[in-house]
Amino acid sequence: MIEEDFTPPKAPKDLCFHETEFVQESFDTDHFLQEHRKNVSLEKMRDDLGIYLKILRSAMIELINKDYADFVNLSSNLIGLDKAISNLETPLGQLKEEVLQVRQCLDDAIGEMENNLQKHVQIREKKQSVHSLIRFKKSLAKLSSILGPSDSPQIIYKPEVLERAATEFNQLHFHTNRCISHLSNTQINTMGELDDHLLDSLNTLLAKYINEKQTASLTRCLKIYVSLEKIKDAEDLVRRKIVVPVVENIISEYSFNEDPLGLVGIYQKLEIILDDTLKELLEITLNPNRTSVRGFNFLVNSYWPEVEQRIEDYLPIIFAPGNPELFHKRYTESLDFLMKLENRCSTPDSLNRLKSHPQYERFLQKWNLPVYYQIRFQEIAGTAESILASNVSSLSIRRNKTSMNVDEFTLHASCIVWDCLMRVWSKDVYLPPLLHRFWKLCLQLCSRYLGWCKTSLKQAWTVTTINETGPGLNSENLHRFEFLVGLHTDVEKLSRRMSTFIDFIGKPASNFSPSIVSLMNDCAEETAKNLSSCLPLVTDEIAKELLNHSVVHLKQISDIPRLFRRTNRDIPTKPCAYVKRALDFLITVHADYNSIIPQTVRQWLILTLTSLTHQYLISVKDVLTSVQRTEESLRRLKKIRDKSAGVPVSESQGTSDDEKIRIQLLIDVMNYIKMIKDLGITEDDVEYVKDLLSTVEAATKYRVEV
């Protein structure tokens, strides 16, 4: 019976526990007592456990009685088992001994066979070594007869002779590896001399065919190098015998100074070497359509190392970053030369070999790009800082209101900053390896310009007092307003341009990867948002400036009572002059800038008129309150005087002075609203206009049409 299938006898329902608790895998005595003690006493628990114990004993007895016959049969079947086991022990032991003897015999036979096989292998290797030794001597004699003695004068052999010699030398090399232990030093030295003699003859033939431009013979000669596994020797020969003589006449300080094209002229002459001297050699080994010999890379292993080494040794002046214009010119010319070399690598493998060549990496590292960037940084950032660090004034305005347009900047600072941003990406400044540094410089310029914008808003201009009665305004006030307008329009233009700055970069952006373009666009959009965050501050300053030009004229409202008090004037029909003066500057601004920035001007006027109307409402309420108090005082004095004189109180005839004052205020307000509408702004656009109108209408008995 499996333990998991065991089902304990069922316990009575009145017990304090369940029978399945005892067969749980996690059953613990202490936990069992602790849990059930909460519900019953220990005495009750003891009695319940005793009852269940009796049930278990009864179940056990029933089980034994049920399976009694099986228990009896089991015990009877085990009778005589010990004797049977003893009878089997002796023959099994004998069988074990026989098996061990057979195994020992097999091990001895296997060991003897392995020894014989090993001796056979040794004998065969000795036979091969002797055979190779015989072949070595024959090949050595045959190779000596083909090439002649190694100390003989240099002879230019035919390709057929060298092919036979190469075949024999390969045989010689093969047999040498198999009998090296039996060779004497003299034989080894003789073989080395023949190897050198064969290589010298092959080198002479290769140099001859390169100079004579014999493509077929050159191909045949290179195949001999491949069969001999001496590709590196061929590349070294081409460098020493072919490249060095022509390159040393081209790369020198004298030729650099005398060449009218300078470094470009040298690079052009170096390209002529590839198109003339090494043309057939490169076509045979690199051209995928004509490649007949594989394994060589004369461009990377013969030509480029010598060119780079001589440039580094004889033209170190080109790497000097002191003159950034010359440095940029020479660096771009060198990159163009490298690009042309890379284009000659017709396969990805040859291109990777060129780029991973130690001298290729060293050549690029010779250009001190960080120093070049620092010089350009001081030049560009210094230009921007020179104007951003100075105090703003009327001289900061580059274009006045008559010459403003939607395309060009108004302030000198904005124009200089944009020119600096464009100069970063100009073809005579920008270098691809410095992309991250130049992009950071652009962001720094925008950040500095944003800081300058906020600082210029806080800068104090010359404080002047506006002539309340004169028609003109002080020039400094006008200049500050023009500066603020120019600042607002410039920030808007720069923000728009920065959001699509990649389009302004031009040709350099065509080489950016999609991931870089995406990152730059994100940065540019974030910069544009930062610039736009300054616009509300500029707008507030413009509104304050407009309000300062207008609100000062509202002080004349307090003079209206004196115009009609005891003057016996007629009922007013025309507005006072202060209304027109208060809105004159706003009308001028609307006329000057509405054709250029209509939506922005409308926003400025609404903000200004809201504040101006609020001040107007306060002034009107003050005048009406004063008039009402004066009117009540005069009425009380008149009543007292009439009573003392015995004159009956009667209503005065005609329009009183106070009513004339209220009528004048109504006429002024109506004219004020009319002038606002002439600006293209409705009553609903400006807060407090309706309150102002209802205030004067409520105080006036007459309706005046204006």
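Residues numbered from 1 in each chain as written. Predicted model: local features only at pLDDT ≥ 70, side-chain atom pairs only at ≥ 80, totals over all residues. Heavy atoms only, no water.

Caption draft 1: Layout of the overall build of the chain. Each helix and strand in the chain was counted, giving 27 helices and 0 strands. Among the 706 residues that make up the chain, the fraction classed as buried is 40%. Pairs at least 24 apart in sequence give 78% of the contacts found in the chain among residues at least 6 apart. For the chain, the exposed surface amounts to about 40,700 Å²; the carbon and sulfur share of it is 53%. (Helix = DSSP H or I, 4+ residues; strand = E, 2+ residues; numbered from the N terminus. Buried < 20%, exposed > 50% of the residue type's maximum accessible area, 1.4 Å probe, protein only. Contact = heavy atoms within 4.5 Å. Areas by Shrake-Rupley, 256 points an atom, 1.4 Å probe, with all protein chains shown as cover.)

Caption draft 2: Spatial organisation of the side chain of aspartate 48. Considering the arrangement of structural elements, one finds aspartate 48 in helix α2 (residues 42-66). For aspartate 48, a relative accessible area of 2% translates into the label buried. Polar contacts involving the side chain of aspartate 48 include one to the main-chain amide nitrogen of cysteine 16, which spans 3.1 Å. (Polar contact = N/O pair within 3.5 Å; in protein donor to acceptor, adjacent residues only side chain to side chain.)

Caption draft 3: Spotlight on the packing of helix α26 (residues 657-678) against helix α27 (residues 689-699). Relative orientation of the contacting elements α26 and α27 amounts to 155°, with a least axis distance of 9 Å. For the element pair α26 / α27, the angle class is roughly antiparallel. Crossing hand, α26 versus α27: left-handed. Residues Arg662, Leu665, Leu666, Val669, Met670, Tyr672, Ile673 and Ile676 of α26 touch α27, and the partners they reach there are Val689, Leu692, Leu693, Val696, Glu697 and Ala699. Here the residues of the contact of α26 with α27 sort into 12 nonpolar, no polar and 2 charged. (Axes fitted to C-alpha atoms, helices over the stretch in contact; angles between N-to-C directions. Parallel < 35°, antiparallel > 145°, perpendicular 65-115°, else oblique. Left-handed = near helix turned anticlockwise from the far one by under 90°. Nonpolar A, V, L, I, M, F, W, Y, C, P; charged D, E, K, R; others polar.)

Caption draft 4: Structural detail: the side chain of glutamate 280. Inspection of the secondary structure assignment puts glutamate 280 in helix α11 (residues 279-285). Buried glutamate 280, no salt bridge; nearest opposite-charge side chain is lysine 213, N-O distance 4.0 Å. When residues no more than four places from it in sequence are discounted, the contact partners of glutamate 280 are Lys213, Thr215 and Leu218. (Lys, Arg positive; Asp, Glu negative; His and termini not counted. Salt bridge = Lys/Arg side-chain N within 4 Å of Asp/Glu carboxyl O.)

Caption draft 5: Representation of helix α15 (residues 358-365) within the structure. Burial in α15 covers these residues: Gln359, Tyr360 and Phe363. In an axial view of α15, the angular spread of the buried residues amounts to 105°, which keeps them on one side of the axis. For α15, exposure combined with an orientation more than 90 degrees from the buried face picks out Pro358 and Gln365. Residues of α15 that are buried sit in contact with α10 (263-275), α12 (298-314), α13 (324-344) and α14 (348-355). (Arc of directions from axis to C-beta.)

Caption draft 6: The arrangement of the environment of arginine 565 in detail. Turning to its location among the elements, arginine 565 is positioned in the loop between α23 (560-564) and α24 (577-593). Given a relative accessible area of 21%, arginine 565 falls into the partly exposed group. For the pair arginine 565 and valine 627, spaced 62 residues apart in sequence, the C-alpha separation works out to 9.9 Å. Other than its neighbours up to four places away in sequence, arginine 565 contacts Val627, Thr630, Leu634, Asp657, Asp658 and Ile661.

Caption draft 7: Seen up close, the pattern of salt bridges. Enumeration according to the criterion identifies 27 salt bridges in this entry. A salt bridge links glutamate 385 to arginine 448; its shortest N-O distance comes to 2.8 Å. Of the two residues, glutamate 385 is situated in helix α16 (residues 369-388) and arginine 448 in helix α18 (residues 435-458); the sequence distance between them amounts to 63 residues. With a relative accessible area of 33%, glutamate 385 lands in the partly exposed category. One salt-bridge network, held together by shared partners, links Glu325, Arg376, Glu379, Arg423 and Asp428.

Caption draft 8: Expanded view of the state of the cysteines. Taken as a whole and judged by the stated rule, the model has 0 disulfides. Distance from the sulfur of cysteine 420, which forms no disulfide, to the nearest cysteine sulfur (cysteine 415) is 9.6 Å. Relative accessible area serves as the criterion here: at 5%, cysteine 420 is assigned to the buried category. (Disulfide = S-S within 2.5 Å.)

Caption draft 9: Highlighting unusual backbone geometry. Non-glycine residue glutamate 229 carries a positive phi angle of around 60°. When you line up the elements, glutamate 229 lands in the loop between α7 (215-228) and α8 (231-247). Since its relative accessible area comes to 73%, glutamate 229 is described here as exposed. A positive phi angle, near 80°, is found at tyrosine 688, a position not held by glycine. Assignment of secondary structure puts tyrosine 688 in the loop between α26 and α27.

Caption draft 10: Representation of the nonpolar core. Within the largest apolar cluster, 161 residues are counted, with the highest numbers of intra-cluster contacts made by Leu270, Tyr303 and Trp425. Non-local contacts of tryptophan 425, meaning those with residues more than four positions away in its chain, are made with Tyr430, Leu435, Phe438, Trp439, Cys442, Phe501, Ile505, Pro508, Phe512 and Met520. Leu15, Cys16, Phe17 and Phe32 belong to the second largest nonpolar core, which has 7 residues in total. (Core = buried A, V, L, I, M, F, W, Y, C linked by side-chain atoms within 4.5 Å.)

Caption draft 11: Spotlight on α2. Here α2 spans 36 Å end to end across 25 residues, near enough to the 36 Å set by a 1.5 Å rise per residue. Among the residues of α2, Met45, Asp48 and Tyr52 are the ones counted as buried. The inward-facing, buried residues of α2 contact α1 (29-37). (Expected span 1.5 Å × (residues − 1).)

Caption draft 12: Structural view of the packing of aromatic side chains. This model, assessed by the stated rule, comprises 34 aromatic pairs. Relative to phenylalanine 438, the ring of tyrosine 430 lies with its centre 6.1 Å away and its plane at 50°, an arrangement referred to as tilted. Each member of the pair, tyrosine 430 as well as phenylalanine 438, carries the same accessibility label: buried. Considering the side-chain rings of tryptophan 452 and phenylalanine 483, the 6.1 Å spacing of their centres and the 80° angle between planes classify their relative orientation as edge-to-face. With a gap of 31 residues between them, tryptophan 452 in helix α18 and phenylalanine 483 in helix α19 (residues 475-499) connect regions that are remote in the sequence. Comparing tryptophan 452 with phenylalanine 483 shows no difference in burial state: the two are buried. For the cation-ring pair, lysine 366 lies above phenylalanine 319, with the distance from its terminal atom to the ring centre recorded as 5.7 Å. Its end group placed over the ring of tryptophan 418, arginine 497 keeps NZ or CZ at 4.8 Å from the ring centre. (Phe/Tyr/Trp six-rings, centres within 6.5 Å; stacked < 30°, edge-to-face > 60°. Lys NZ or Arg CZ within 6 Å of the ring centre and 35° of its normal.)

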